[in-house]
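# A structural walkthrough
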Amino acid sequence: MRSLLFFLLFAVSFTLSAQQPVVPVPAVPEIAAKVYLLLDFNSGQQLGARNPQQRVEPASLTKLMTAYVTFSALKQKRIRPDQAVAVSEHARRTEGSRMFIEPRKPVSVDELIRGMIIQSGNDACIALAEAIAGSEEAFVESMNREAQRLGLKSTHFANSTGLSHPQHYSTAQNLVELAAAVIRDFPEYYPIYSQKEYRYNNIAQFNRNRLLWTDPSVDGMKTGYTESAGYCLITSARRGERRLISIVLGAASEAARATESQKLLNFGFQAYDAVRLYPGQESVATLQVFKGTSNGVKAGFLTDFYLALPKGNRDKLKASIESLQPLLAPISIGQRIGTIRVTLDGKPYREAPVVALENVPVAGILGRGWDTLRLLFR
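Report on the accompanying structure. Computed from a predicted model, the values in this text were never measured in an experiment. (Residues numbered from 1 in each chain as written. Predicted model: local features only at pLDDT ≥ 70, side-chain atom pairs only at ≥ 80, totals over all residues. Heavy atoms only, no water.)

### A closer look at the overall build of the protein
Each helix and strand counted, the protein has 10 helices and 16 strands in total. Overall, the C-alpha framework of the protein stretches about 75 × 50 × 35 Å when taken along its three principal axes. Sequence-distant contacts in the protein: of pairs separated by 6 or more residues, those separated by 24 or more amount to 66%. Separation of charge centres in the protein, based on 44 positive and 34 negative side chains, amounts to 4 Å. (Helix = DSSP H or I, 4+ residues; strand = E, 2+ residues; numbered from the N terminus. Contact = heavy atoms within 4.5 Å. Lys, Arg positive; Asp, Glu negative; His and termini not counted. Charge placed at Lys NZ, Arg CZ, Asp CG, Glu CD.)

### Concerning the nonpolar core
If you look at soluble globular proteins, the nonpolar side chains tend to sit buried side by side. Judged by nonpolar contacts, the single largest core of 65 residues is most densely connected at Met65 and Phe71. Broken down by element, the residue count for this core peaks at nine residues, all from helix α7 (residues 172-185). With sequence-adjacent residues up to four places away left out, methionine 65 is seen in contact with Met143, Glu146, Ala147, Leu150, Leu152, Phe157 and Leu178. Counting 45 residues, the second-largest nonpolar core is a separate cluster that includes Leu47, Val289, Ala329 and Val342. (Core = buried A, V, L, I, M, F, W, Y, C linked by side-chain atoms within 4.5 Å. Buried < 20%, exposed > 50% of the residue type's maximum accessible area, 1.4 Å probe, protein only.)

### Describing the sheet that holds strand β8 (residues 230-239)
Hydrogen bonding along the main chain pairs the strands of a sheet, whether they run parallel or antiparallel. The strand order across the open sheet formed by five strands is β2-β1-β9-β8-β7, and the pairing between neighbours is antiparallel. Among the strands making up the open sheet, the edge pair consists of β2 (46-50) and β7 (218-226). Here the average twist between neighbouring strands, direction ignored, is 5°. In this structure, strand β1 (residues 35-40) lies alongside strand β9 (residues 242-251), joined through six bridges in antiparallel fashion. In the sheet register, leucine 38 faces β9, and the bridge partner there is serine 246. (Pairing = 2+ DSSP bridges. Axes fitted to C-alpha atoms, helices over the stretch in contact; angles between N-to-C directions.)

### Digging into the environment of proline 26
Its location among the elements puts proline 26 in the loop between α1 (2-17) and β1. Owing to a relative accessible area of 24%, proline 26 belongs among the partly exposed residues under this scheme. Between the C-alpha atom of proline 26 and that of valine 182, which follows or precedes it by 156 residues, the distance is 29 Å. Sequence-distant contacts of proline 26, defined by excluding residues within four places in its chain, comprise Phe267, Ala271, Tyr272 and Pro310.

### Considering the packing of aromatic side chains
A ring pair, where both rings are aromatic, is described by two values, the distance of the centres and the angle of the planes. Inspection of every chain in the model, using the stated rule, returns nine aromatic pairs. Centre to centre, the rings of tyrosine 68 and phenylalanine 186 are 4.9 Å apart; their planes meet at 80°, and the pair counts as edge-to-face. Of this pair, tyrosine 68 sits in helix α2 (residues 63-75) while phenylalanine 186 sits in the loop between α7 and β5 (197-200), placing them 118 residues apart in sequence. Here the two residues tyrosine 68 and phenylalanine 186 agree in accessibility, since each one is buried. Among the aromatic residues, those joined into a ring-pair cluster are Tyr68, Phe71, Phe186 and Tyr189. Over the aromatic face of tyrosine 169 sits the side chain of arginine 55, whose NZ or CZ is 3.6 Å from the ring centroid. Against the face of tyrosine 200 rests lysine 105, its NZ or CZ located 5.2 Å from the ring centre. (Phe/Tyr/Trp six-rings, centres within 6.5 Å; stacked < 30°, edge-to-face > 60°. Lys NZ or Arg CZ within 6 Å of the ring centre and 35° of its normal.)

### As for the environment of isoleucine 340
Note that isoleucine 340 resides in strand β15 (residues 336-344). Sequence-wise, isoleucine 340 and alanine 319 are 21 residues apart; in three dimensions their C-alpha atoms are separated by 6.7 Å.

### A few points about a nonpolar patch on the surface
Residues Trp370, Leu373, Leu376 and Phe377 make up a contiguous nonpolar surface patch of about 550 Å² in total accessible area. Structurally, leucine 376 can be placed in helix α10 (residues 365-376). Looking at leucine 376, the relative accessible area reads 63%, which means it is exposed. (Patch = residues over 30% accessible without salt bridge, like charges linked within 9 Å, V, L, I, M, F, W, Y side chains within 5 Å. Areas by Shrake-Rupley, 256 points an atom, 1.4 Å probe, with all protein chains shown as cover. Salt bridge = Lys/Arg side-chain N within 4 Å of Asp/Glu carboxyl O.)

### Quick word on the pattern of salt bridges
Summed over all chains, the structure comprises 18 salt bridges. Measuring nitrogen to oxygen at the nearest pair gives 3.0 Å for the salt bridge that ties glutamate 146 to arginine 149. Note that glutamate 146 and arginine 149 are positioned in helix α6 (residues 136-149) at a spacing of three residues, about one turn of the helix. A residue is classified by how much of its surface remains accessible, and glutamate 146, at 17% relative accessible area, is buried.

### Notes on the environment of leucine 357
You can see leucine 357 is positioned in the loop between β16 (347-356) and α10. Given a relative accessible area of 15%, leucine 357 falls into the buried group. For the pair leucine 357 and arginine 336, spaced 21 residues apart in sequence, the C-alpha to C-alpha distance is 9.9 Å. Apart from the residues within four sequence positions on either side, leucine 357 is in contact with Gln281, Glu282, Ser283, Lys298, Ala299, Gly300, Phe301, Leu302 and Ile333.

### Comments concerning the pairing of β8
Within β8, seven of the 10 residues are buried, which leaves the element mostly enclosed by the surrounding structure. Hairpin geometry of β7 and β8 is characterised by an intervening segment of three residues between the two adjacent antiparallel strands.

### Describing the sheet that holds β16
The strand order β11-β12-β16-β15-β14 describes an open sheet built from five strands, whose pairing is antiparallel. Bordering the open sheet on either side are β11 (285-288) and β14 (317-323), each of which pairs with just one other strand. Sheet twist, expressed as the average angle between the axes of neighbouring strands with direction ignored, equals 35°. Pairing of strand β12 (residues 296-300) with β16, which is carried by two bridges, proceeds in the antiparallel orientation.

### What about unusual backbone geometry?
The omega angle of the peptide bond from glycine 220 to methionine 221 is 20°, so this bond is cis rather than trans. Note that methionine 221 resides in strand β7. Of the consecutive residues glutamine 325 and proline 326, the connecting peptide bond is found in the cis state with omega at 0°. With respect to the helices, strands and loops of the structure, proline 326 is situated in the loop between β14 and β15. Positive phi, close to 50°, is recorded for asparagine 51, a residue that is not glycine. With respect to the secondary-structure elements, asparagine 51 resides in the loop between β2 and α2. According to the relative accessible area criterion, asparagine 51 is partly exposed, its value standing at 37%. Although it is not a glycine, asparagine 201 adopts a positive phi angle of roughly 55°. Inspection of the secondary structure assignment puts asparagine 201 in the loop between β5 and β6 (203-206).

Here it is as structure tokens:
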């Protein structure tokens, strides 16, 4: 339910951002990348973008989904962190970046996860895929199922590593949504993304995310590179209670992807404030219900409802709730029952779904009949 609300808010944010903005917003600095996007994590709002829905080659950013499926398997206890994994020849011989696992030397799931995230090891990805699903092909089917479940409609995976393939693609928007899902759904594993170095088989390799060394607020996430994709980087940073996620695709070099990502993050933190408009699970309105055991239903948000807005405008915010009338029972928790419309200085700024915070069962035959008459004369 929490995932559903987040992506519903995110989808509304992107729909609105595609329209001509009514409220003046801060100008994003010039970013030297083919594609970029900056996301405010709590609100789901994009603070700037170029070609966010253009199909791109995700390169090793693919490993965010490889990790997501692996973390899901751990949570479901289908694998254990200390479980020994036999290394196949297919895993050992894979091309690209490696953590240097060996067929005659069992390696643990935990070691493979760190090799995948910190060292970006393609061999680690394939070993995990085979341990979880029996083959990389079966694992990729799980990746695509998860992509559909998370609403990543412009994404399709052909492998677990990110190696180039005609049927392996995504968008900046989808990749940022995926990064946010990893952070939100698996907070117990997310700290691995901040680890700067990992040693395996007496070979130490450094995390390629340069911002882990230069910006103390950066705590993840993933680099990528292929000749056709260029240099790519998804970065997440937290300053105070705010978290931003940036993505830069098609930069000219390792240094450029770090520099341009830093520019995006600094812009987001400096140009915008975050406002918690309503706390989660608290009623913000009671909306009329027909044909139910109750005449009203508490409406609000399942999680805290945040807004990102240009600095200095907090006192210019106003919000109103509109009900989706007529609301007919049964109504279940989490069901969309209205819309919040936010204005800034009297101008439309943001809207998002409002959901039911309680169940309303169907009334008996007399109650339903009475409300049928009431609806006829509205």
